[in-house]
Amino acid sequence: MAQNYRHTLFSDAVKAVQERHGSRAAYIKMDAGADGTPDALTAKELDYIALRDSFYMASVNADGWPYIQHRGGPAGFLRHIAGNRIGFADYRGNRQYISTANLAGNDRVSLFLMDYPNKDRLKLVGHAVSVELADDPAAVTALMPEGYRATPERAFFIDVIGWEWNCSQHITPRFTEAEIAAAVRPMAAEINQLRAEIAALRSMPHQPASSPDLP
């Protein structure tokens, strides 16, 4: 059971608000025995991660300001390394390097992974480290998706300490171009078949209508 996500994020202030609004008792029962041991990633979480083509990662700067960065690529670009470690190649972009700099001072990150068609979302928290391409080319290039046209600058490795599945309320389903194409493919095939049948009928020689026998 995943408990460390809540054990980590339910500060005394959070617990006080939960108590005030009547939800604290339920969480006490759910998290009985939580001691800070990381939530082990199971096959369910790993399979979900392997199918994602984007996610959002939050970090915090030295002044306490949160920063959220979107990362995308081919499905599976966020990879399971071993145990509770996941990682991804960081591609050359606008060269702001905010997340990279934030992690140098505070290695805590939060990841938000969405599956809009199925209205699922997985939240992860952990400790992250960045590795520059010049320092470990093999480690960085090993995380590059095969054939993907992007230039890697570094890799991020994240040791997950907690995860939680969120409820599906208020998630508006959205679909990628590939998902829409797959959904309409059977209909497109049927339309093409009907068009071929119509064309065949139109190409047949015209047969005059037969007249009824006169008395």
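Refer to the structure above for everything that follows.
Residues numbered from 1 in each chain as written. Predicted model: local features only at pLDDT ≥ 70, side-chain atom pairs only at ≥ 80, totals over all residues. Heavy atoms only, no water.

Draft legend 1. Up close: the pairing of strand β3 (residues 79-82). Both β3 and strand β4 (residues 85-91) contribute to a ladder of three bridges, which runs antiparallel. Note that in β4 the partner of R79 across the bridge is G87. Following β3, the chain reverses through two residues before pairing antiparallel with β4; G83 in that reversal takes a positive phi of roughly 55°. (Pairing = 2+ DSSP bridges. Helix = DSSP H or I, 4+ residues; strand = E, 2+ residues; numbered from the N terminus.)

Draft legend 2. Structural context of the packing of aromatic side chains. Considering all chains together, one arrives at six aromatic pairs under this definition. Measuring from centroid to centroid gives 5.2 Å for F88 and F156, while their planes differ by 25°, and the two rings are stacked. With F88 in strand β4 and F156 in strand β7 (residues 152-165), this pair connects stretches of sequence that are 68 residues apart. Look at F156 and you get buried, because its relative accessible area is 0%. (Phe/Tyr/Trp six-rings, centres within 6.5 Å; stacked < 30°, edge-to-face > 60°. Buried < 20%, exposed > 50% of the residue type's maximum accessible area, 1.4 Å probe, protein only.)

Draft legend 3. Looking closely at the pairing of strand β6 (residues 120-132). In the sheet, strand β5 (residues 108-115) pairs with β6 via eight bridges, with the strands oriented antiparallel. When the bridges of β6 are listed, L111 appears paired with L124. Between β5 and β6, which pair antiparallel in sequence order, lie four residues; one of them, K119, sits at a positive phi of approximately 55°. Taken together, the 11 bridges between β6 and β7 define a ladder with antiparallel strand orientation. When the bridges of β7 are listed, V129 appears paired with F157.

Draft legend 4. Layout of the nonpolar core. Residues I86, L111, L113, L124 and I158 are the most contacted members of the largest nonpolar core, which totals 29 residues. Looking at this core, the elements with two or more residues in it are α4 (43-51), β1 (54-60), β4, β5, β6 and β7. Among the elements that make up this core, the one with the highest residue count is β7 (six residues). Once residues lying within four places of it in the same chain are set aside, the contact partners of L113 are Y48, I49, R52, F55, L78, D120, R121, L122 and L124. (Core = buried A, V, L, I, M, F, W, Y, C linked by side-chain atoms within 4.5 Å. Contact = heavy atoms within 4.5 Å.)

Draft legend 5. Examining helix α2 (residues 12-21) more closely. With one of 10 residues buried, α2 is to be regarded as a mostly surface element. Where α2 terminates, the next one or two residues include G22, which has phi positive at roughly 90°.

Draft legend 6. Broad picture of the sheet that holds strand β2 (residues 66-72). Taking strand neighbours across the sheet as the criterion, the seven strands line up as β2-β1-β5-β6-β7-β4-β3 in an open arrangement whose pairing is antiparallel. The outermost strands of the open sheet, each flanked by one partner alone, are β2 and β3. Going from strand to strand, the sheet's axes swing by 35° on average, the running direction of each strand aside. In this fold α4 packs onto β3, β4, β5, β6 and β7, with an angle of close to 75° to the strand it touches most, β6. Relative to β1, helix α5 (residues 98-105) is tilted by about 45°, and along the sheet it contacts β1, β2, β4, β5, β6 and β7. (Axes fitted to C-alpha atoms, helices over the stretch in contact; angles between N-to-C directions.)

Draft legend 7. Summary view of α4. All buried positions along α4 are accounted for by E45, Y48 and I49. Angular distribution of buried residues about the axis of α4 spans 100°; they occupy a single face of the element. Summarising the geometry of α4, the exposed residues directed more than 90 degrees from the buried face are A43, D47 and L51. Looking at the packing, one finds that the buried side of α4 touches β4, β5, β6 and β7. (Arc of directions from axis to C-beta.)

Draft legend 8. Geometry of the side chain of R24. Along the polypeptide, R24 turns up in helix α3 (residues 24-30). Buried and unpaired, R24 has E19 as its nearest opposite-charge partner, separated by 5.3 Å. Excluding anything up to four places from it in sequence, R24 contacts F10, K15, Q18 and E19. (Lys, Arg positive; Asp, Glu negative; His and termini not counted. Salt bridge = Lys/Arg side-chain N within 4 Å of Asp/Glu carboxyl O.)

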